[in-house]
Amino acid sequence: MRPRAGRLRRLATPLGILATVTAAFAYVGTVDPNEPGHYPVCPLLKITGAYCPGCGGLRSAHALIHGDLGTAFSANAVATTGYFLFAAVWVLWLVRAWRGQPLRIVLAPVWWWSIGALLLIFTVVRNLPFGSALAP
């Protein structure tokens, strides 16, 4: 196999993921989630009235696409942070694929437990009266 063909094959997956995420963000940027009827309602919110960690994520993405970082963070701070984290990991993935190296991100169990705990705390606090600033 020619070196160029091998490089293109290695880049296919990260570029395909980028194309998919770009298409999804383009759709959310075009179809406003602030207007009812375009997207399904969060099942947890519908059944319990409580916000899940993802509630407000589409509104956050819509605001981010339109350049309103403040509104994006107020809609869902965790999702907005996740968008930037995804971008950083994607760039790392692309660079490593270009160099022919695998992307290996290994997190110790303590990190996974910490992420879970932070999501749980975020979810609980955004549903309490004093944490209403975190609610979408």
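Nothing here was measured: the structure is a model prediction, and the numbers come from that model.

> What am I meant to see in the overall build of the protein here?
Within the protein one finds six helices and zero strands. Relative to a compact globule of 136 residues, whose C-alpha radius of gyration would be 14 Å, the protein shows 18 Å and is clearly more extended. Each of the three principal axes of the protein carries a C-alpha extent, and together these read 60 × 40 × 25 Å. Across the 136 residues that make up the protein, the buried fraction comes to 21%. As displayed, the protein has an accessible area near 9300 Å², and 71% of this comes from carbon and sulfur atoms.

> Explain helix α5 (residues 77-99) to me, please; I cannot follow it from the model alone.
Spacing of three or four residues puts side chains on the same side of an α-helix, whose turn is 3.6 residues. A rise of 1.5 Å per residue sets the reference length of α5, with its 23 residues, at 33 Å; its end C-alpha atoms lie 34 Å apart and thus fit the reference within 8%. Every buried residue of α5 is listed here: Ala79, Thr80, Tyr83, Trp90 and Ala97. N-capping of α5 is provided by Asn76, with a side-chain oxygen placed 3.0 Å from the backbone N of Val78. Positive backbone phi, approximately 80°, marks Gly100, located one or two places after α5.

> Please explain helix α6 (residues 109-126) as it appears in this structure.
If you check α6, its first and last C-alpha atoms are 26 Å apart, about what 18 residues at 1.5 Å a residue would give, namely 26 Å. Those residues of α6 not exposed but buried are Phe122, Thr123 and Arg126. On an axial view of α6, the arc spanned by its buried residues comes to 100°, and they lie on one face. Residues of α6 that are exposed and point over 90 degrees away from its buried face: Pro109, Val110, Trp113, Leu120 and Ile121. Those residues of α6 that are buried lie in contact with α4 (69-75) and α5.

> What exactly am I supposed to notice about the environment of Ala26 here?
Structurally, Ala26 can be placed in helix α1 (residues 3-30). Taking C-alpha positions, Ala26 is 25 Å from Ala97, a pair spaced 71 residues apart along the chain.

> Hey, could you run me through the packing of helix α3 (residues 57-65) against α5 in this one?
One can describe the packing of α3 onto α5 by two numbers: an axis separation of 9 Å at closest approach and a directional angle of 55°. The angle between the axes of α3 and α5 places the two elements in the oblique class. For the crossing formed where α3 meets α5, the hand is right-handed. Side by side, α3 and α5 meet where Gly57, Ser60, Ala61 and Leu64 of the first sit next to Ala79, Thr80, Tyr83 and Phe84 of the second.

> How do you make sense of a nonpolar patch on the surface when you look at a structure like this?
A surface patch of nonpolar side chains, amounting to about 760 Å² of accessible area, comprises Leu92, Ile105, Leu107, Val110, Trp111, Trp112, Ile115 and Leu119. Among the elements that line the nonpolar patch, the one with the most residues is α6, at five residues. Along the polypeptide, Val110 turns up in helix α6. For Val110, a relative accessible area of 55% puts it in the exposed group.

> For this particular structure, what's the right way to read the environment of Phe73?
Note on placement: Phe73 falls in helix α4. Since its relative accessible area comes to 34%, Phe73 is described here as partly exposed. Once the C-alpha coordinates of Phe73 and Pro53 are considered, the two residues, 20 residues apart in sequence, prove to be 13 Å apart. When sequence neighbours within four positions are dropped, the list of residues in contact with Phe73 reads Thr80 and Thr81.

Reading the values: the criteria
Residue positions are counted from 1 within each chain, in the order its sequence is given. Selection of residues for local features in this predicted model requires a pLDDT of at least 70, selection of side-chain atom pairs for listing and counting requires 80 or more, and totals for whole chains, interfaces and linings are taken over all residues. As a convention, hydrogens and water are excluded, and side-chain values are obtained from all of the structure's heavy atoms. The numbering of helices and of strands both runs from the N terminus, where a helix is a DSSP run of H or I of at least 4 residues and a strand a run of E of at least 2. Here the globule rule is a power law, 2.2 Å times the number of residues to the power 0.38, and the radius of gyration is based on C-alpha atoms. Here the term buried applies to any residue with accessible area under 20% of the maximum for its type, exposed to any over 50%, and partly exposed to those in between, with areas from a 1.4 Å probe on protein chains only. In these tables, accessible area is a Shrake-Rupley quantity obtained with a 1.4 Å probe, and a residue counts as shielded only by the protein chains included in the view. Expected span of a helix, by definition, is 1.5 Å for each gap between consecutive residues, and there is one gap fewer than residues. We define a polar contact as two N or O atoms separated by no more than 3.5 Å, with the added condition that, inside protein, one atom must be a possible hydrogen donor and the other a possible acceptor, whereas residues neighbouring each other in sequence contribute only through side-chain atom pairs. This arc is built from the directions going out from the helix axis to the C-beta atoms. Should any heavy atoms of two residues lie within 4.5 Å, those residues are counted as being in contact. Angles here are taken between N-to-C directions and fall from 0 to 180 degrees, while the axes themselves are lines fitted to C-alpha atoms, restricted in helices to the stretch in contact. Reported orientations rely on four angle classes, namely roughly parallel under 35 degrees, roughly antiparallel over 145, roughly perpendicular from 65 to 115, and oblique for the rest. For any helix crossing, the convention is left-handed if the near helix is rotated counterclockwise from the far helix by under a right angle, and right-handed if that rotation is clockwise. Like charges within 9 Å and nonpolar side chains (Val, Leu, Ile, Met, Phe, Trp, Tyr) within 5 Å are joined into patches, using only residues over 30% in relative accessible area that form no salt bridge. When a carboxyl oxygen of Asp or Glu is within 4 Å of a side-chain nitrogen of Lys or Arg, the pair counts as a salt bridge.

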